[in-house]
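Secondary and tertiary structure notes
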Amino acid sequence: MDEQYIPESITREGDTAGITVSKIRFNPEDIKKIEKMEPAEAIAYKAKLIEAGKYTLNEDEHQ
């Protein structure tokens, strides 16, 4: 097959119109815990923190 596969997850012009992105910040204690974790464990821990609302938005870093 000579055709290049392009997954549907690739965005096209206009797909992200109206979306605001902000960086989130975790508290220093959680960051220290995360730094000691394996990558997969850190991702799961961050997901739990986000689900629990234990983060703040860094309003200065909107993109």
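Coordinates for the structure precede this section.
Residues numbered from 1 in each chain as written. Predicted model: local features only at pLDDT ≥ 70, side-chain atom pairs only at ≥ 80, totals over all residues. Heavy atoms only, no water.

1. Here's the deal with the overall build of the chain
Secondary structure assignment for the chain yields two helices and two strands. The N-to-C order of helical and strand elements in the chain reads β-α-α-β. Going through the 63 residues of the chain one by one, you find that 13% of them count as buried. Across the chain, the fraction of contacts at a sequence separation of at least 24, relative to all contacts at a separation of at least 6, is 66%. Taken as a whole, the chain presents about 6000 Å² of accessible surface, with 51% of it coming from carbon and sulfur. (Helix = DSSP H or I, 4+ residues; strand = E, 2+ residues; numbered from the N terminus. Buried < 20%, exposed > 50% of the residue type's maximum accessible area, 1.4 Å probe, protein only. Contact = heavy atoms within 4.5 Å. Areas by Shrake-Rupley, 256 points an atom, 1.4 Å probe, with all protein chains shown as cover.)

2. Considerations on helix α2 (residues 39-51)
With 13 residues, α2 ought to run about 18 Å at 1.5 Å a step, and its terminal C-alpha atoms sit 18 Å apart, in line with that. Turning to α2, its buried residues number three or more, namely A42, Y45 and L49. The buried residues of α2 occupy an angular sector of 65° when the element is viewed end-on, so they sit on one face. Of the residues in α2, the exposed ones pointing more than 90 degrees away from the buried face are A40, I43, K48 and E51. Close packing links the buried residues of α2 with α1 (28-35). Directly beyond the C-terminal end of α2, a positive phi value near 75° is found at G53. (Expected span 1.5 Å × (residues − 1). Arc of directions from axis to C-beta.)

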